Amino acid sequence: MSESVSESRLSPPPEASPALSCKNVVREYRRGSNSLFASSADAPTVRALDGVSLAISTGEFVAIAGPSGSGKSTLLHLLSALDTPDSGDVSVAGTDVRSLSSRGRTRLRRTTIGIVFQHFHLLPSLSARSNVALPLVEHGVSKRARHERADELLSQVELADRADHTPGELSGGEQQRVAIARALVSDPAVLVADEPTGELDTETGHRVLDYVEQTAANRAVVVATHDEHVIERADRVIRLRDGIVVSDG
Ligand code: ADP
């Protein structure tokens, strides 16, 4: 028996591994890499993450909290495979992100990760239905099936009657619900949201959180936030300060 076969038999089933994890992650940015410095290598660096380790399981709704500049967005970018660390490991649904090419990371995002941004990032000229359906174009899904799936998602976020409206015809809370529907259209194993309630009033924010919470039943959900309401409702809160995890629980 080859070593790889015996190893694969001994290894735990895939569902036992966390949906998201990172180990000893360091991410530095070069500050002011402009004409002030002879070369970008001379520019000072800022260490946005300094040895962060965490593991998040399917079914968990985790808030990443911390003051502005503590590293929340940097961590979310790594966990959503938009960026790679300078050192340390990031794993998404069992895939080592550092081992992937840029194209491989794009593929991982398309198949496995739904991303929600604070400013919604919807295409203004498309209807809510077409915005939600858009990620399925890359999956080769027929137009009819795309629209059926988009309508299903829009009714889950109680926007079935707004499917033909463009983002400009929707309120901020409605646009954020469209953005959540779009992030979930490929049924990703992981949902990552950066300040999803940042632009919403308290009541609308709660409504958006209801949908985020519901979706955590069968995926890992990670939300970077300043919002105490999100922090109260999360299963677990990971607090960052100066790029370090100061509490996790
Ligand atoms: P948060 O999301 O908690 O506000 P960030 O992850 O955005 O924190 O930033 C962490 C640190 O990294 C801050 O000091 C910030 O100024 C710095 N930083 C973030 N992005 C860049 C960048 N592209 N270039 C230089 N510094 C950056």
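The preceding data block contains the structure.
Reading the values: the criteria
Residues numbered from 1 in each chain as written. Predicted model: local features only at pLDDT ≥ 70, side-chain atom pairs only at ≥ 80, totals over all residues. Heavy atoms only, no water. Helix = DSSP H or I, 4+ residues; strand = E, 2+ residues; numbered from the N terminus. Buried < 20%, exposed > 50% of the residue type's maximum accessible area, 1.4 Å probe, protein only. Contact = heavy atoms within 4.5 Å. Areas by Shrake-Rupley, 256 points an atom, 1.4 Å probe, with all protein chains shown as cover. 1 Å grid on protein atoms, 1.4 Å probe; cavity = no way out; pocket = protein on both sides within 12 Å on 5 of 7 lines; lining within 4 Å. Points joined across faces, edges and corners; volume = space filled by probe spheres on them. Nonpolar A, V, L, I, M, F, W, Y, C, P; charged D, E, K, R; others polar. Salt bridge = Lys/Arg side-chain N within 4 Å of Asp/Glu carboxyl O. Lys, Arg positive; Asp, Glu negative; His and termini not counted. Near = heavy atom within 4 Å. Polar contact = N/O pair within 3.5 Å; in protein donor to acceptor, adjacent residues only side chain to side chain. Pairing = 2+ DSSP bridges.

(A) Just the overall build of the chain, in detail. Each helix and strand counted, the chain has 8 helices and 10 strands in total. The buried share of the chain, taken over its 249 residues, is 44%. Counting contacts in the chain only where the partners sit at least 6 residues apart, residues at least 24 apart contribute 70% of the total. As displayed, the chain has an accessible area near 12,400 Å², and 47% of this comes from carbon and sulfur atoms.

(B) Quick peek at the layout of surface pockets. Considering only enclosed or pocket space, the largest pocket measures out at about 500 Å³ in volume. As for the largest pocket, its lining consists of 20 residues, and the residues nearest its centre are Ile 113, Ile 115, Pro 135, Glu 138 and Arg 182. Among the elements of the structure, helix H3 (102-112), strand S6 (113-116), helix H4 (128-137) and helix H6 (172-184) are those that each provide at least two residues to the lining of the largest pocket. Broken down by element, the lining of the largest pocket gets its largest block of residues, 5 residues, from H3. Residue composition of the lining of the largest pocket, by class: 10 nonpolar, 6 polar and 4 charged. The computed volume of the second largest pocket comes to approximately 220 Å³.

(C) Seen up close, the pattern of salt bridges. Under the criterion given, the structure shown has 16 salt bridges. Between Glu 174 and Arg 162 there is a salt bridge whose closest N-O contact spans 3.3 Å. Residue Glu 174 is found in helix H6, and its partner Arg 162 is found in the loop between helix H5 (143-156) and H6; the two are separated by 12 residues along the sequence. Put simply, Asp 187 and Arg 219 hold a salt bridge, and the shortest N to O gap is 3.2 Å. Taken together, the positions of Asp 187 in the loop between H6 and strand S7 (190-194) and Arg 219 in the loop between helix H7 (202-215) and strand S8 (220-225) put the pair 32 residues apart, joining distant regions of the chain.

(D) Geometry of the side chain of Arg 182. Counting through the fold element by element, Arg 182 comes out in helix H6. Within the buried core, Arg 182 has no salt-bridge partner, and the shortest N-O distance to an opposite charge, that of Glu 138, equals 10 Å. Not counting the four nearest positions on each side in its chain, Arg 182 is found in contact with Phe 120, His 121, Leu 122, Asn 131, Val 132 and Pro 135.

(E) Spotlight on the site of the ligand. Neighbouring residues of the ligand: Tyr 29, Val 46, Ala 48, Pro 67, Ser 68, Gly 69, Ser 70, Gly 71, Lys 72, Ser 73 and Thr 74. Between the ligand and the protein, one listed contact pairs an oxygen atom with a backbone N or O atom of Ser 70 at 3.1 Å. With respect to the ligand, the side chain of Lys 72 contributes an N or O atom lying 2.8 Å from an oxygen atom. Look at the ligand: alone it shows 560 Å² of surface, and the protein chains cover 64% of it. Mapped by element, the contributors of at least two residues to the shell around the ligand are strand S2 (45-56) and helix H2 (72-79).

(F) Structural context of the pairing of S7. Across the 5 residues that make up S7, a large majority, 5, are buried. Neither face of S7 is exposed, since Val 190, Val 192 and Asp 194 on one face and Leu 191 and Ala 193 on the opposite face are all buried. In this structure, S6 lies alongside S7, joined through 4 bridges in parallel fashion. Residue pairing across strands places Gly 114 opposite Leu 191, the latter belonging to S7.

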